[in-house]
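Working through the structure, step by step
Spelled out from the first residue to the last, the chains are:
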Amino acid sequence: MTWNYPSDDDEYKPWDHISTPAPPPAQQPGVQPSAPPPGPQPPRRWMSIALWLSLPVLLVAWFTVPRLLPHDDRSIKATIPAIPTLTTLPNGYLRVNPDHPFRDTPANQWREGSDGIEEPPAVPVGRFPIEQVAAAQDRAKQLIVLARLDQHTLDTGDAEPIIALVAPGQGDEIRSKSAPGNEAETWWVTTKLAPGFKLLPARPRVNGSMSATQDDKGELVIKTNYLVAYAFQAPDPKAISDPMEIIVLVREEIDYTWVDDSAYDAPSQGMWLDHASSFTYAGNCAWFKKGFLAPSYSDTPSYGTQVRPTEQYFDPTIPLPTENDC
């Protein structure tokens, strides 16, 4: 399955409307032109992200990131391979069938991969025309697909495809935080599978919503709220007796803000991951704390009391859970 990216004709590019300044006049030999006094510079815009992590772990942190120009790279492609034939796992009777790992869970009714990321029909929002809203929604979907579903990103944690589609200032910040060993600090950028763990050939299942609005600063915001269910391989599938031993559920609520306000400096223009919160259910606590996903069958058993039925964690309409058992 492939994701079709916006074409040159339908993607909004505010920098296309910037006129090219005239070249400076020829300089006379031996004459140094006097520099004009610097005019007032537009302020640098700052971003505040509320970070919520849970597995069912909850950790709250606040930090600021400088907003720094839009960047566009339509060559970015997501690698979501077709489902191969399952040949390495036993085909005998299993209480959990690796050919259909989501059976007996709510995720079995969800769409596969990027098909589950449905964009609403674009409508004008405030000062933003329908074409710009559609382009911003397309960009948000691109970012979700690359960050949460792309096989290369899941296996490597490579943030460069994301960096190519956000404002360079945030891209610089992401790159500076993406050194090996710092994976827990970039959960809001990409989802990363723990080393040594592989997904089953069944595509992740996705459910949630997207909406466009205008914030109190007059910026276009694409609000997203999606659940992704990942099904992992197990060394001994016959030992798995519950689907949630191999399924890890991740809920991400991320606001993607499109900045094209001349009140801010040029490096503040472009798409930003603005407000991000996340909840992860039924994963390996030790790996989660390091910033990776791994299935619960590989974790030390937990005997805490679950505060709500498992089915509720699959519901994107309830408030983001805050319970913690790691």
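So, a few notes on the structure that sits alongside this text. (Residues numbered from 1 in each chain as written. Predicted model: local features only at pLDDT ≥ 70, side-chain atom pairs only at ≥ 80, totals over all residues. Heavy atoms only, no water.)

This paragraph deals with the overall build of the chain. Looking only at helices and strands, the chain features six helices and seven strands. Sequence-ordered secondary structure for the chain, helices as α and strands as β, is β-β-β-α-α-α-α-β-β-β-β-α-α. Classification of the 326 residues of the chain by burial places 48% in the buried group. When the accessible surface of the chain is split by element, carbon and sulfur atoms take 54% of a total near 16200 Å². (Helix = DSSP H or I, 4+ residues; strand = E, 2+ residues; numbered from the N terminus. Buried < 20%, exposed > 50% of the residue type's maximum accessible area, 1.4 Å probe, protein only. Areas by Shrake-Rupley, 256 points an atom, 1.4 Å probe, with all protein chains shown as cover.)

Formed by 46 residues in total, the largest nonpolar core has its most connected members in Ile117, Leu143, Leu220, Tyr230, Phe232 and Tyr256. Among the secondary structure elements, those contributing two or more residues to this core are helix 1 (130-149), helix 3 (160-163), strand 4 (205-214), strand 5 (220-231), strand 6 (247-259) and strand 7 (270-281). With nine residues, helix 1 is the largest single contributor of residues to this core. Formed by 21 residues, the second largest nonpolar core is a distinct cluster that contains Trp110, Ile240, Phe279 and Ala282. (Core = buried A, V, L, I, M, F, W, Y, C linked by side-chain atoms within 4.5 Å.)

Now for the sheet that holds strand 4. If you trace the five strands from one edge of the open sheet to the other, you get 3-4-5-6-7, paired in antiparallel fashion. Unpaired on one side and paired on the other, strand 3 (111-112) and strand 7 mark the two borders of the sheet. Two elements, strand 3 and strand 4, share two bridges in a ladder whose sense is antiparallel. Bridge pairing in strand 4 places Arg111 opposite Val206. Here helix 1 sits on the sheet in contact with strand 4, strand 5, strand 6 and strand 7, set at roughly 30 degrees to strand 5. (Pairing = 2+ DSSP bridges. Contact = heavy atoms within 4.5 Å. Axes fitted to C-alpha atoms, helices over the stretch in contact; angles between N-to-C directions.)

This brings us to the pairing of strand 6. Counting buried residues in strand 6 gives twelve out of 13 residues, a clear majority hidden from the surface. In this sheet, strand 6 lies alongside strand 5 in antiparallel orientation, the contact comprising twelve bridges. The residue of strand 6 that forms the bridge with Asn225 is Glu253. Strand direction decides the pairing type here: strand 6 and strand 7, joined by eleven bridges, are antiparallel. Bridged to Tyr256 within strand 7 is Leu273.

Moving on to unusual backbone geometry. At Asp104, a residue that is not glycine, the phi angle is positive and equals roughly 70 degrees. For Asp104, the position within the fold is in the loop between strand 2 (59-67) and strand 3. You can call Asp104 exposed: its relative accessible area is 69%. Of note in this structure, Ala282 is not a glycine but carries a positive phi near 70 degrees. With respect to the helices and strands, the residue Ala282 is situated in the loop between strand 7 and helix 5 (285-289).

Okay, helix 1 next. Its 20 residues place the ends of helix 1 27 Å apart at the C-alpha level, agreeing with the 28 Å of an ideal helix rising 1.5 Å per residue. In terms of burial, helix 1 is a largely internal element, 17 of the 20 residues being buried. (Expected span 1.5 Å × (residues − 1).)

Along the chain, Tyr230 falls in strand 5. Once the C-alpha coordinates of Tyr230 and Val206 are considered, the two residues, 24 residues apart in sequence, prove to be 9.2 Å apart. Once residues within four sequence positions are removed from consideration, Tyr230 is found in contact with Phe102, Arg148, Leu154, Thr191, Leu199, Pro204, Ile246, Ile247, Val248, Val250 and Leu293. Engagement of the side chain of Tyr230 in a polar contact is seen with the backbone oxygen of Arg148, the distance being 2.7 Å. (Polar contact = N/O pair within 3.5 Å; in protein donor to acceptor, adjacent residues only side chain to side chain.)

Note that every value here comes from positions in space, so none of it alone points to a role or purpose.
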